[in-house]
Each structure stands twice: as structure tokens, then as C-alpha cells.
Amino acid sequence: DHTWCKADHRQFNVRIGPDYSSKKKKAPSSSPIYEPFAVDVFCTKLRVDHATPRFELPDTSHIDTHHKFVPPIFVIQIQIPSEAPAGFFSSADDGPGWAIVMYY
């Protein structure tokens, strides 16, 4: 089985203060803005742009982010080709690869 788990945000030290470049102070991270709830990794024959319409996302009508430009779900999609490009001047930009989709 392949699995993942949430990490404790306090285990990550982040830069603090406007004067970090001189004082080099770090402190445990505060609470995250989003919590991860799923990760999908799959192999594709062709590049898959905008994967989220292909999945059923949970109902978010009850979530109020208190800002009209902050979505209740945040999705990050990474695409990794599994073959080397045909050449520098090639127009081919599609082919087999891997897609990683992370939901927050």
C-alpha cells in the first residue's frame, strides 16, 4: 500500500522578522492555511491539463473562507514527462508521464 500522512507544522522552522537576513532567527511554523486531505498520483498516456474536473470534489458550500478570492479547496497539479523531449526545436509538447494532484 502507498500512503501519506500529515506532518506536524511545528516541526518546520521558518524565517521570522523583517530582519531575517541579519539576525537569521527561525521559529516553529504557525498553523497552516490549508490542510491536505488527498493526494492522487497516476500515470497518463498524454498530458492531462486541469485534472480537477475529472474528480468529484467534496461539497464546500458550508466553508466560509471570509474572503471572496480565497477558495475553500486549493489544488496543486504537477506533471512529469516520462520520456525525454524529441528535440529543442520540436513542437511536440504532449506525451506519456505522471501526474501528481494534491488537494488542500
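Residues numbered from 1 in each chain as written. Predicted model: local features only at pLDDT ≥ 70, side-chain atom pairs only at ≥ 80, totals over all residues. Heavy atoms only, no water.

## What about the pairing of strand β5 (residues 97-103)?
Side-chain positions along a regular strand alternate between the two faces of the sheet. In terms of burial, β5 is largely enclosed, as five of its seven residues are buried. In this structure, strand β3 (residues 38-44) lies alongside β5, joined through seven bridges in antiparallel fashion. Pairing of A38 across the sheet is with Y103, part of β5. Pairing analysis gives seven bridges linking strand β4 (residues 75-81) to β5, with the strands arranged antiparallel. Across the sheet, residue P81 finds its bridge partner in β5, namely G97. (Buried < 20%, exposed > 50% of the residue type's maximum accessible area, 1.4 Å probe, protein only. Helix = DSSP H or I, 4+ residues; strand = E, 2+ residues; numbered from the N terminus. Pairing = 2+ DSSP bridges.)

## Some remarks on the confidence of the model for the protein chain
Predicted confidence across the protein chain gives a mean pLDDT of 87, with 91% of residues reaching 70 or more. Across the protein chain, strand β2 (residues 26-28) holds the top mean pLDDT of 94, while β3 sits lowest at 89. (pLDDT = per-residue confidence, 0-100.)

## Thoughts on the side chain of T44
When you line up the elements, T44 lands in strand β3. With a relative accessible area of 10%, T44 lands in the buried category. A distance of 3.1 Å separates the side chain of T44 from the backbone oxygen of L46, its partner in a polar contact. Discounting residues that sit within four places of it in the chain, T44 has contacts with P96, G97, W98 and A99. (Polar contact = N/O pair within 3.5 Å; in protein donor to acceptor, adjacent residues only side chain to side chain. Contact = heavy atoms within 4.5 Å.)

## Some points on the sheet that holds β3
Taken together, three strands build an open sheet; the order of strands is β3-β5-β4 and the sheet is antiparallel. Sheet topology places β3 and β4 at the edges, where each strand pairs with a single neighbour. Sheet twist, expressed as the average angle between the axes of neighbouring strands with direction ignored, equals 15°. (Axes fitted to C-alpha atoms, helices over the stretch in contact; angles between N-to-C directions.)

## Things to note about the packing of aromatic side chains
This model, assessed by the stated rule, comprises four aromatic pairs. Judged by centre distance (5.9 Å) and plane angle (35°), the rings of F37 and Y103 are tilted. Here the residue F37 occupies a position in the loop between β2 and β3, and Y103 occupies one in strand β5, the gap between them amounting to 66 residues. Exposure remark for F37: the relative accessible area of 38% places this residue in the partly exposed category. Given the relative accessible area of 3%, Y103 is considered buried. Summarising the aromatic geometry, the rings of F42 and F55 are spaced 6.0 Å apart at their centres and angled 55° between planes, so their arrangement reads as tilted. A residue pair is termed long-range when its members are at least 10 positions apart, and F42 in strand β3 and F55 in the loop between β3 and β4 qualify at 13 residues. (Phe/Tyr/Trp six-rings, centres within 6.5 Å; stacked < 30°, edge-to-face > 60°.)

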